[in-house]
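Commentary on secondary and tertiary structure
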Amino acid sequence: MFDVRPVDTDYVRHRAAQFRAQVERRLDGSLTEEEFRPLRLMNGVYLQLHAYMLRIAIPYGTISPDQMRMLAHLAETYDKGYGHWTTRQNIQFNWPKLVEIPDMLDKLASVGMHAIQTSGNTIRNVTTDAFAGAAADEYMDPRPYAELLRSWSTDHAEFQFLPRKFKIAISGAQRDRALVAAHDIGLRLIQKDGQTGFEVWVGGGLGRTPMLGKVIRDFLPEADLLAYIEAIISTYNLSGRRDNKYKARIKITVHERGLDVFKAEVEEEFQNRRRDFHGADREALAIFRDRFAAPAFRNGPTDGYEAERARNGAFRSWTDTNLHPHKVDGYASVIVTFKTHGETPGDASADQMRLLADLAEQYGHDDLRISHDQNVVLPHVHKSDLPAVYAALQKAGLAVANAGLTSDIIACPGMDYCTLATARSIPIAQEIATHFKDAGLEDEIGKLNIRISGCINACGHHHLGHIGILGLDRAGVENYQITLGGDGYDIPAIGERAGAGFPYDQVVPAVDRLLRAYLEVRADASERFIDAYRRLGPAPFKAALYPEPAHA
Amino acid sequence: MSKAFVPTAAKPGVITANDLREGHNLWMCEDGWTADPAQATLFEDEAIADLALLKAVGQSNIVVGPYLVEARRGPNGPEPTHFREAFRQRGPSNYFHGIQTLKQAKQSEASNV
């Protein structure tokens, strides 16, 4: 069993007490809103369209059952009974009262959780593969390094006022499931000449100027991780643009100055920084490695699992879509999708959270993950326990066999909650999911990534969707642009805009035409939408989206 | 404080903000602030609206982020002209939460009288 609880609980409690005092000073007028705003943002408190919002960090998406139960308690006590999984493996509560947030932070601190650096121009939550430590194709568990980065970056004095927010992702598997190319810094654990290290990517990001990152170092020995990351961020801290918010991310710095120039500065700074690391990071890493030691896997028969698959078609279908291959024989990782057709992508009720905590304790070696696609993963479940897990999930309406399918949509909160949004995303996702279920086409369409953002900031990762949908405000009316051919995984690609946008009520019919055209042109049932798009190019898909008007 | 919009008799506006302590949406009305947008004061004059907005900014112990936004005169009070404000006045579309619950409570109160 691993221990995800940060060791610095005293610090977290101290920060919660500090925030309580700041809220008191805001309420008694000692602090103006202008003075208070950056303080609340440093603690993950936003003011949204209808209410405050509290974003809580779930470091690299790893959470224990008692922490999950605390989230359930907060949802019921301080919110409206639910929370929302985000695309950066965090959770957001949409309805907290400012006056109650200090109590929420105290309770979070009691289980080693907090909301520090979930906002502001700082290093945000380090994200990774939801199957870390479990995936069959994993070279090495990236979480000890993710924890090293988390503890190093938390309250790092030099990096509290960066030109813009800064996101790091780390992947340790053959298939990148952490979207390394779409982060300010992306790290891939690799091996070279028997030595472990990182392929280091820099300057990726979505938003209004989407860019895939570039490899700044083919191979960085793992011992140099912090010194090199510190060199990159300190170089960016000095040379990143502060005159224009929209040009302040590191992707613009690298793009405008050129990778070679930027890299030369980083390498020079790296030599300086390296001298300041005297082994404390290595000692910490050793502790983190112990903390993330693999659980005591059991060796048992899986006959019951096979028998249930043969007997129960719904169970078979669920195991076909919602399991991920595990590195240990007899085990699987379970994807619990929070994408029930017609429901809000990524929303979890307090009861559902408690069920997941119970299942993790009973069947999952006390381990839970929040995935970037707004689902929850039980990373280590013995196959003989899968029928029981399935039955419990089914009772709670969480056994929907749709992982990776049409309805497994990533959608940001959009204009239903977000003050930056220019259009809604949630109802578009709900309607697409329901439409294709009712049409009976979801299984036939197969693997498909639909990603929806309610504004150009792209929290819904629309650029990485095989089909991306971007909601905009066009002359006071919601309008949706469709992009095609994006991919966050196998061949990272930014989707290309297909053409003119669609009004709200035309989005589902447009996606319907698009997917029916795909079914017509695909080579066979094994050719995914994205593969057909790559083989044929955009023409047949654009023709489906924008049919020629019939001439009278 | 934001003031991108200038109200006129033809294009009036309301002043809206969020409650400091709890976060919910509020509208400036005759005797302070209300959670019912239909009760909001409709401003048709730039100077009067500017003064009211200054007053709102001065009430930072009650509200956060006041701003003036276009509205139209409706049969039951001011109505939003842009969908963003319509969502603020209604609540989210995925759950029956937010202002819409207050409206329902008010209606059920009226029907019980």
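Predicted, not measured: the structure shown is a model, and the values here were computed from it.

**Examining the nonpolar core**
The biggest cluster of nonpolar side chains holds 175 residues, and the ones touching the most others in it are Leu54(A), Ile232(A), Met353(A) and Leu356(A). Ignoring any residue separated from it by four or fewer positions in sequence, one finds Leu54(A) in contact with Gly44(A), Val45(A), Gln92(A), Phe93(A), Pro96(A), Ile101(A), Met104(A) and Ala115(A).

**Quick word on the packing of helix α7 (residues 250-257) of chain A against helix α8 (residues 259-274) of chain A**
All names here are of chain A. Orientation of α7 relative to α8, taken along the N-to-C sense of each, is 110°, at an axis distance of 6 Å. Classified by the interaxial angle, the pair formed by α7 and α8 is roughly perpendicular. Here α7 contributes Thr-253, Val-254 and Arg-257 to the contact with α8, which in turn contributes Leu-259, Val-261 and Phe-262. Its residues assigned to classes, the contact of α7 with α8 shows four nonpolar, one polar and one charged.

**Some remarks on the environment of Tyr82(A)**
Residue and element names in this part refer to chain A. Structurally, the position occupied by Tyr-82 is in strand β4 (residues 82-85). Sequence spacing of Tyr-82 and Asp-260 is 178 residues, and the spatial spacing of their C-alpha atoms is 47 Å. Apart from the residues within four sequence positions on either side, Tyr-82 is in contact with Ala-75, Asp-347, Ala-348, Ser-349 and Ala-350.

**Quick look at the domain arrangement of chain A**
All names here are of chain A. Segmenting chain A into domains produces domain 1 (9-110), domain 2 (142-290), domain 3 (303-395) and domain 4 (410-545). Just the C-alpha atoms count here: the centres of domain 1 and domain 3 sit 29 Å apart. Listed as interface residues are 20 residues of domain 1 and, on the opposing side, 19 residues of domain 3. Residue assignment for the side of domain 1 that touches domain 3 shows that the elements contributing at least two residues are β3 (62-63), α3 (65-78) and β4.

**Focus: the sheet that holds strand β4 (residues 63-74) of chain B**
All names here are of chain B. Pairing within the open sheet is antiparallel, and its five strands lie in the order β3-β2-β1-β4-β5. Strands at the two margins of the open sheet, each flanked by one partner only, are β3 (32-34) and β5 (77-80). Going across the sheet, the axis of each strand differs from the next one's by a mean of 50°, ignoring polarity. Here strand β1 (residues 13-19) pairs with strand β2 (residues 25-29) via three bridges, running antiparallel. Bridge pairing links Thr-16 to Trp-27 in β2. Each of β1, β2 and β4 is contacted by helix α1 (residues 46-58), which is oriented at about 145° to β4, the strand it contacts most.

**What about the sheet that holds strand β9 (residues 195-202) of chain A?**
Residue and element names in this part refer to chain A. Taken in spatial order, the five strands of this open sheet run β6-β7-β8-β9-β10, and their pairing is mixed. On the outer flanks of this sheet lie β6 (127-128) and β10 (214-221), each paired with one strand and no other. Sheet topology note: the strand β8 (residues 185-192)/β9 ladder contains eight bridges and is antiparallel. Along β9, the bridge assignment pairs Ile-190 with Gly-197.

**Some remarks on unusual backbone geometry**
Residues and elements named next belong to chain A. Even without glycine at this site, Asp-193 takes up a positive phi of about 50°. Tracing the backbone shows Asp-193 in the loop between β8 and β9. The phi dihedral of His-461 is positive, around 55°, even though this residue is not glycine. With respect to the element layout, His-461 can be found in the loop between β17 (450-453) and β18 (467-474). His-461 sits in the buried class, given 25 other C-beta atoms within 10 Å.

Conventions and cut-offs
Residues numbered from 1 in each chain as written. Chains lettered and ligands numbered in written order. Predicted model: local features only at pLDDT ≥ 70, side-chain atom pairs only at ≥ 80, totals over all residues. Core = buried A, V, L, I, M, F, W, Y, C linked by C-beta atoms within 7 Å. Buried ≥ 20, exposed ≤ 12 C-beta atoms within 10 Å, placed from the backbone. Contact = placed C-beta atoms within 7 Å. Axes fitted to C-alpha atoms, helices over the stretch in contact; angles between N-to-C directions. Helix = DSSP H or I, 4+ residues; strand = E, 2+ residues; numbered from the N terminus. Parallel < 35°, antiparallel > 145°, perpendicular 65-115°, else oblique. Nonpolar A, V, L, I, M, F, W, Y, C, P; charged D, E, K, R; others polar. Domains from an automatic or database assignment. Pairing = 2+ DSSP bridges.

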